[in-house]
Amino acid sequence: PSAPQEPSLYTVKALLILDSLGQRLLAKYYDGTFPTAKEQAAFERSIFSKTHRAGGEIACLEGLTIVYRSSVDLFFYVVGGCQENERCFGMAGVQVLAPRTGPQALIGSGCSDNSHPLAHRKEVEKRWLLDNMEGMFLVVDEIVDRG
């Protein structure tokens, strides 16, 4: 039998935003699960191919739990270990990144500041994301601090 894993607060392995073709727009990896750019790209292709037509919001792939949501022409992913509870690590991140209910989603995830770049958006589109990439990097850094 394998030894029990050490308890850890580091639950998020990656946070990704892909476009409607599966191309990376923003990616942040927090551990060594995918250490090279080649491995990261292969992983991103794999999750996109498994989820871009699926109706669900949770997937298990390669021993990882993936919480995802699409918004117009974007796909948002929060990736954690298979032992993680998807509700603990994923839904807040996906809800902030791809809100469906405007400011209420932000308030529910602990961010009630209306100056937040997504506070008045119901859906996020690729053009808007690209035009506001600097703000998105700040949002990602606020959502996940070193995993």
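In short, a report on the structure. The shown structure was predicted, so the numbers you read here are calculated from the model rather than taken from an experiment.

### A word on the environment of tyrosine 30
At step 1: With respect to the helices and strands, tyrosine 30 occurs in the loop between strand E2 (24-29) and helix H1 (37-51).
At step 2: Taking C-alpha positions, tyrosine 30 is 8.4 Å from leucine 15, a pair spaced 15 residues apart along the chain.

### Re the pairing of strand E5 (residues 74-81)
The side chains of a regular strand alternate, residue by residue, between the two faces of the sheet.
At step 1: Counting buried residues in E5 gives 8 out of 8 residues, a clear majority hidden from the surface.
At step 2: Bridge count between strand E4 (residues 64-71) and E5: 8 bridges; the pairing is antiparallel. By the bridge assignment, arginine 69 is partnered in E5 with phenylalanine 76.
At step 3: Between E4 and E5, which follow one another and run antiparallel, lie 2 residues, and valine 72 among them has a positive phi close to 55°.

### Focus on H1
At step 1: For H1, which comprises 15 residues, the first-to-last C-alpha distance of 21 Å matches the rise-based estimate of 21 Å (1.5 Å per residue) to within 8%.
At step 2: Buried within H1 are the following residues: Gln40, Phe43, Glu44, Ser46, Ile47, Phe48 and Thr51.
At step 3: The inward-facing, buried residues of H1 abut strand E1 (12-19), E2, strand E3 (58-61), E4 and E5.

Conventions used here
- Residues numbered from 1 in each chain as written.
- Predicted model: local features only at pLDDT ≥ 70, side-chain atom pairs only at ≥ 80, totals over all residues.
- Heavy atoms only, no water.
- Helix = DSSP H or I, 4+ residues; strand = E, 2+ residues; numbered from the N terminus.
- Buried < 20%, exposed > 50% of the residue type's maximum accessible area, 1.4 Å probe, protein only.
- Pairing = 2+ DSSP bridges.
- Expected span 1.5 Å × (residues − 1).
- Contact = heavy atoms within 4.5 Å.

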